[in-house]
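Report on the structure
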Amino acid sequence: MTIPGAVLRGRGQLLLILGMLLVLILAPMLAEWLRGDLRRVGGHLLTLGLTAGLFGQAFRGTRWARHLTVALAFIGGMLAALLGLIASTGSDWGFVVFFVGLAFIGCGFALIALPDVETYLEARRGERP
């Protein structure tokens, strides 16, 4: 494996992980909007803007943004999984929330466990002055 190949694979993997996290964050918002519930649209747009900024910084190789993204994925995933387990006793939607929580945790692990992602981020850090 050459380093440029690992960097390209890492870029693709990072884009896939950040895209998955964005879909997991955006899906409940879109569901509310499609139902016609626009009471919290301002908060949703603020959340999306902050998320886009954080993911942009993580994609540029900023360490603090990567660490914050991983921490939020773990914390959000654990809370969602726990709430999903509690809610699953009364509703089938609880299982959906549980698996969404597991998906968040999986994305967090992927950000720190995939060596090609680390190679890409190190290459990006090396490009900055």
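Attention here is on the structure that accompanies the text. (Residues numbered from 1 in each chain as written. Predicted model: local features only at pLDDT ≥ 70, side-chain atom pairs only at ≥ 80, totals over all residues. Heavy atoms only, no water.)

1. Some details on the overall build of the chain
For the chain, the helix and strand inventory stands at 5 helices and 0 strands. Oriented by its inertia axes, the alpha-carbon framework of the chain measures out at about 50 × 30 × 20 Å. Within the chain, the fraction of its 129 residues that count as buried is 33%. Total accessible area computed for the chain in this model is approximately 7900 Å², and 74% of it derives from carbon and sulfur atoms. (Helix = DSSP H or I, 4+ residues; strand = E, 2+ residues; numbered from the N terminus. Buried < 20%, exposed > 50% of the residue type's maximum accessible area, 1.4 Å probe, protein only. Areas by Shrake-Rupley, 256 points an atom, 1.4 Å probe, with all protein chains shown as cover.)

2. Remarks on the pattern of salt bridges
One pass over the full model with this rule turns up 7 salt bridges. Its salt-bridge partner being Glu32, residue Arg40 comes within 2.4 Å of it at the nearest N-O pair. Through salt bridges that share partners, Arg63, Arg66, Glu118, Glu122 and Arg125 make up one connected network. (Salt bridge = Lys/Arg side-chain N within 4 Å of Asp/Glu carboxyl O.)

3. Focus on helix α2 (residues 41-59)
The terminal C-alpha atoms of α2, which comprises 19 residues, lie 26 Å apart, in line with the 27 Å expected from a rise of 1.5 Å per residue. Among the residues trailing α2, Gly61 stands out with phi positive, at a value near 100°. (Expected span 1.5 Å × (residues − 1).)

4. Observations concerning the packing of α2 against helix α3 (residues 63-87)
Helix packing for two helices is described by the angle between their axes and how far apart those axes are. Contact pair α2 / α3: the axes reach a minimum separation of 7 Å and the direction vectors enclose 125°. On the basis of their axis angle, the class for α2 and α3 is oblique. The hand of the α2/α3 crossing is left-handed. Counted together, Leu54, Phe55, Gln57 and Ala58 of α2 and Trp64, Ala65, Arg66, Leu68, Thr69 and Leu72 of α3 form the full contact between these two elements. (Axes fitted to C-alpha atoms, helices over the stretch in contact; angles between N-to-C directions. Parallel < 35°, antiparallel > 145°, perpendicular 65-115°, else oblique. Left-handed = near helix turned anticlockwise from the far one by under 90°. Contact = heavy atoms within 4.5 Å.)

5. Looking at a nonpolar patch on the surface
A contiguous nonpolar surface patch, about 370 Å² in accessible area, is contributed by Leu82, Leu83, Ile86 and Val97. Relative to the helices and strands, Ile86 is located in helix α3. Relative accessible area serves as the criterion here: at 55%, Ile86 is assigned to the exposed category. (Patch = residues over 30% accessible without salt bridge, like charges linked within 9 Å, V, L, I, M, F, W, Y side chains within 5 Å.)

6. Digging into the environment of Leu8
Here Leu8 is to be found in helix α1 (residues 3-34). In the structure, Leu8 is positioned 51 residues away from Phe59 in sequence and 13 Å away in space, judged by C-alpha atoms.

7. Comments concerning the environment of Leu22
Among the structural elements, Leu22 can be located in helix α1. Leu22 sits in the partly exposed class, given a relative accessible area of 32%. Remark: the alpha-carbon pair of Leu22 and Leu114, spanning 92 residues in sequence, is separated by 19 Å. Apart from residues lying up to four places away in sequence, Leu22 is in contact with Leu48, Thr51 and Phe55.

8. What to know about the packing of aromatic side chains
For the structure on display, the rule yields 3 aromatic pairs. Ring geometry for Phe59 versus Tyr120: centroids 5.5 Å apart, planes at 40°, classification tilted. Remark: Tyr120 occurs in helix α5 (residues 115-127) and Phe59 occurs in helix α2; sequence separation between them is 61 residues. Of the residues examined, Phe59 reaches a relative accessible area of 17% and is grouped as buried. Residue classification places Tyr120 among the buried residues on the basis of a relative accessible area of 4%. Taken together, a centroid distance of 5.3 Å and an interplanar angle of 70° make the contact between Phe98 and Phe99 edge-to-face. Note on Phe98: relative accessible area 18%, which makes it buried. (Phe/Tyr/Trp six-rings, centres within 6.5 Å; stacked < 30°, edge-to-face > 60°.)

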